[in-house]
Amino acid sequence: MKGKKSDSYLKFDMSRMVNLEYSLNREILRTNRRGAYHCTTLVECNTRKQHGLLVVPVPSLDNSNHVLLSSLDETVIQHGAEFNLGIHKYDGDNYSPMGHKYIREFNCDCLPRTVYRVGGVILSKEKMFSLKNNTIYIRYTLLDAHSPTTIRFKPFLAFREINNLAVENSVANHGYKEVEKGISMCMYSGYPDLFMQFNKAANFIFDPSWYKGIEYQKDMQDGLPHKEDLYVPGYFELPIAKGESIIFSASDEPAKTDNLLSVFEDGIKARTPRSSFFNCLKNSGHQFYFRPSKDELYIRNSYPWGEVRAREQFMALPGLTLSIDKNEAFEEVMDTAIPTINNFLEGKPLSGFLKDIDNADVLLWVVRALKKFADVDNERFYAKYALLVNKIVHFIQKGKHPNLKLSDNKLLYTDANIGFPSWMNNQSGGQPTSRTGLLVEVNSAWYNAIAFNQEIANALSNTKLEKDMSLLAGKVKSAFVDTFLNEGGYLYDYVDGNYVDWSVRPNMLLAISGDYQLLDKRQSKSILDIVTKELLTSKGVRTLSPKSVGFRPRCEGSAMDKVYSAYNGAAWPWLLGAYMEGYLRIFQRSGLSFLDRLLIGVEDEMSNDCIGSLSALYDGSVPYSGHGAISYATNVAGVLRALTLQKAFEDEY
């Protein structure tokens, strides 16, 4: 899909911005690839406890993120009249102040940019998160004014973990230090100092107070704790002339204030404009990179409350690197993970960010990712990773994996009670989405791993290994068809002894989209037809057919209800990558126009939920609302993969 292109691909006019029902349900996210981020709504009224202007990891305290600076209210002052541009929600749907009414437009093609108009004053505000440091920069430019203008800046401080809430207390340190063109503060022991500075001299007035009872709408709707007190130490004031730009910096380290303007300008040049569907997802993909040290690179699974999880890292890895020509990033992530993978294969203790690498299907996702890398850089694959694939296959084949048992027919058996065997095995309140036995997606991945290892053996002239893998692949392929293919023309989702699960689920897509064919074209087309008729939506592929028992079309209700819906009806965009691979394999070029129309529905999400990204999942029925984490790595990766496949197919033909 080529996607719409314009100078204002992501632009929102005044009518949308002043409509809080619209603007409060749309969020922006910026990260620095070191774990820190900025996240809020379009009008900068925080609606989640995880929102904040500057949210950073504090390793001395824990492995989580912490909100240092919650928000920054600006007040335009002319002739003694004050116009506050901020907005906060209090009890009873009371918003104060109501600065959103001054917004004239918002766009985030390059940087989030808001234009305010207050009488004769026109002020633009642009935010940029540093790619190197835990720093957010804000540039204010006075575009027009007919009389002397002053801006007051009032910082709202939290200094708490993202899932907690702050309350007024007597322990908080209210003291501050004067630093170059600003101040620094640290409210609690163990936290870093927060530096708030400008590129020109600012007058700071110490006027401490707690703003009590600020509410977070999204948390309230989800039945979560949602009310907190934020500390305001005082305010900064400084004049601004027509045509002048002022830079504000908030960071956990001091800024060189004379360089702030040039740092901001250089930062703009380094960014890819969000001027198309692909560029939006490319930028979003970069945001999941997580570099805790200069020698490590991981992929976070989501924002704003995500973490590193092995399965989702390797599911997303090809799409977030190879699909956007970041082959070196693929190698960095894989090289970071290999010591942990080897420790697991050798029975050594696991530590670090990939402790969950022992889940049943994770190693198979590793092999799948390596196959994608081999397709784009065969030489480097054989130089670095070929032996790892053989090591993984051998490990599974010899029955050393704690939750992959080789059955007599050479298919793999998994137990739902051991960890989380598959992406569709989840658990909430002790109630798992239980799929014990021979899982269709695990065994299709197993076949592909064997076939890939056979190909590697052939390339390395290892005749014995090639013969062994060929024999094993033949047995697995035959057993797979005999076990999973049913008279309904599709695949059982899982089989456990004499029990077969007839539910129509998307896991069978992985059997027709693999690199090595398990099924013939007629069988694959039959499966694809059923997926198209019963599972395909404009936002992704449903996890369960509406015709199947237990279908739940909407993610609503209790936390447990939402988890159930996620795997029994909700639509996931990442599956569109597998769908497209299967579709193009069957229909070739004749399928391109259909797929182009299909992706329009996903492109529409660039202006919803998290602007320029994709939520974790969507309702399985209209209006297909987004739910869960507002920016989800696997979905972004899957759709990037789909777009890349489509372009490659168009170029080839």
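Up top is the structure these notes are about.
Residues numbered from 1 in each chain as written. Predicted model: local features only at pLDDT ≥ 70, side-chain atom pairs only at ≥ 80, totals over all residues. Heavy atoms only, no water.

Side note on the overall build of the chain
Line of reasoning, step 1. Scanning the chain for helices and strands turns up 18 helices and 36 strands.
Line of reasoning, step 2. On C-alpha atoms alone, the chain measures out to a radius of gyration of 26 Å, which is about the 26 Å that the 2.2 N^0.38 rule sets for 653 residues.
Line of reasoning, step 3. With the C-alpha coordinates of the chain rotated into their principal frame, the extents come out at 85 × 50 × 45 Å.
Line of reasoning, step 4. Looking at the chain as a whole, 59% of its 653 residues are labelled buried.
Line of reasoning, step 5. Sequence-distant contacts in the chain: of pairs separated by 6 or more residues, those separated by 24 or more amount to 65%.
Line of reasoning, step 6. Per element, the accessible surface of the chain, about 25,100 Å² overall, is 49% carbon and sulfur.
Line of reasoning, step 7. The average position of the 74 basic charges and that of the 76 acidic charges among the side chains of the chain differ by 3 Å. (Helix = DSSP H or I, 4+ residues; strand = E, 2+ residues; numbered from the N terminus. Rg over C-alpha atoms; globule rule 2.2 N^0.38 Å. Buried < 20%, exposed > 50% of the residue type's maximum accessible area, 1.4 Å probe, protein only. Contact = heavy atoms within 4.5 Å. Areas by Shrake-Rupley, 256 points an atom, 1.4 Å probe, with all protein chains shown as cover. Lys, Arg positive; Asp, Glu negative; His and termini not counted. Charge placed at Lys NZ, Arg CZ, Asp CG, Glu CD.)

With respect to the packing of helix α6 (residues 310–321) against helix α8 (residues 362–376)
Line of reasoning, step 1. Viewed as axis vectors pointing N to C, α6 and α8 meet at an angle of 15°, and their least axial separation amounts to 9 Å. It follows from the interaxial angle that α6 and α8 lie roughly parallel. The handedness of the crossing between α6 and α8 comes out as left-handed. On α8, the residues that touch Ala310, Arg311, Phe314, Met315, Leu317 and Pro318 of α6 are Val362, Trp365, Val366, Arg368, Ala369 and Lys372.
Line of reasoning, step 2. The class makeup of the residues in the contact of α6 with α8 is 9 nonpolar, no polar and 3 charged. (Axes fitted to C-alpha atoms, helices over the stretch in contact; angles between N-to-C directions. Parallel < 35°, antiparallel > 145°, perpendicular 65-115°, else oblique. Left-handed = near helix turned anticlockwise from the far one by under 90°. Nonpolar A, V, L, I, M, F, W, Y, C, P; charged D, E, K, R; others polar.)

Some points on the pairing of strand β7 (residues 87–90)
Two faces make up the sheet, and in a regular strand the side chains alternate between them.
Line of reasoning, step 1. Along β7, one buried face is formed by Ile87 and Lys89 and the opposite face, lined by His88 and Tyr90, is buried too.
Line of reasoning, step 2. Following β7, the chain reverses through 3 residues before pairing antiparallel with strand β8 (residues 94–98); Gly92 in that reversal takes a positive phi of roughly 75°. (Pairing = 2+ DSSP bridges.)

Some words on the sheet that holds strand β12 (residues 135–144)
Line of reasoning, step 1. Spatially, 9 strands are ordered β1-β9-β10-β11-β12-β19-β16-β15-β14 in an open sheet, and the strand pairing comes out antiparallel. Each having just a single partner strand, β1 (11–13) and β14 (177–179) make up the two edges of the open sheet. When strand polarity is set aside, the average angle formed by the axes of neighbouring strands in this sheet is 15°.
Line of reasoning, step 2. As defined by bridge partners, strand β11 (residues 121–129) adjoins β12 across 8 bridges and the pair is classed as antiparallel.

Points about empty space enclosed by the protein
Line of reasoning, step 1. Going through the model one piece at a time under the given rule, you end up with 8 cavities of 30 Å³ or more.
Line of reasoning, step 2. As a volume, the largest cavity reaches approximately 300 Å³.
Line of reasoning, step 3. Along the walls of the largest cavity sit 21 residues, with Trp365, Arg368, Ala445, Asn448 and Leu510 positioned nearest its centre.
Line of reasoning, step 4. Sorting elements by how many residues they give to the lining of the largest cavity places helix α11 (residues 440–459) first, with 7 residues.
Line of reasoning, step 5. Contributing to the lining of the second largest cavity are 14 residues, with Met315, Arg368, Trp574, Gly638 and Arg641 lying nearest its centre. (1 Å grid on protein atoms, 1.4 Å probe; cavity = no way out; pocket = protein on both sides within 12 Å on 5 of 7 lines; lining within 4 Å. Points joined across faces, edges and corners; volume = space filled by probe spheres on them.)

Brief notes about the packing of aromatic side chains
Line of reasoning, step 1. Taken as a whole, this structure holds 36 aromatic pairs when the rule is applied.
Line of reasoning, step 2. Between Tyr188 and Tyr191 the ring centres are 6.5 Å apart and the planes differ by 55°, which places this aromatic pair in the tilted class. Take Tyr188 and Tyr191: they sit in the same class, and that class is buried.
Line of reasoning, step 3. A centroid spacing of 6.3 Å and a plane angle of 75° characterise the contact between Trp365 and Trp574, whose relative ring orientation is edge-to-face. One end of the pair, Trp365, is in helix α8; the other, Trp574, is in the loop between β32 (571–572) and α16 (575–587), and 209 residues separate them in sequence.
Line of reasoning, step 4. Relative accessible area serves as the criterion here: at 8%, Trp365 is assigned to the buried category.
Line of reasoning, step 5. Aromatic rings pair up to connect Tyr140, Phe153, Tyr176, Phe198, Phe204, Phe206, Phe236 and Phe248 into one cluster.
Line of reasoning, step 6. Sitting over the face of the ring of Tyr22, Arg26 holds its NZ or CZ atom 3.6 Å from the ring centroid. (Phe/Tyr/Trp six-rings, centres within 6.5 Å; stacked < 30°, edge-to-face > 60°. Lys NZ or Arg CZ within 6 Å of the ring centre and 35° of its normal.)

What to know about the environment of Ala201
Line of reasoning, step 1. Secondary-structure assignment places Ala201 in the loop between β16 (194–198) and β17 (203–215).
Line of reasoning, step 2. For the pair Ala201 and Lys181, spaced 20 residues apart in sequence, the C-alpha separation works out to 5.0 Å.
Line of reasoning, step 3. The contact partners of Ala201, leaving out residues within four places of it in the chain, are Lys181 and Leu238.

What about the sheet that holds strand β28 (residues 494–496)?
Line of reasoning, step 1. Reading across the sheet, the 3 strands line up as β27-β28-β29 and stay open at both edges, with antiparallel pairing between neighbours. One side of each edge strand has no neighbouring strand; the edge strands of this open sheet are β27 (438–439) and β29 (499–500).

So, the pairing of β11
Line of reasoning, step 1. Burial analysis of β11 places 9 of its 9 residues in the buried class, which makes it a mostly covered element.
Line of reasoning, step 2. Burial along β11 is two-sided: the residues Val121, Leu123, Lys125, Lys127 and Phe129 and Ile122, Ser124, Glu126 and Met128 are all buried.
Line of reasoning, step 3. In the sheet, strand β10 (residues 113–118) pairs with β11 via 6 bridges, with the strands oriented antiparallel. Residue pairing across strands places Arg113 opposite Glu126, the latter belonging to β11.
Line of reasoning, step 4. Adjacent in sequence and paired antiparallel, β10 and β11 are bridged by 2 residues, among which Gly119 carries a positive phi angle near 60°.
Line of reasoning, step 5. Taking the residues between adjacent antiparallel strands as the criterion, β11 and β12 are bridged by 5 residues.

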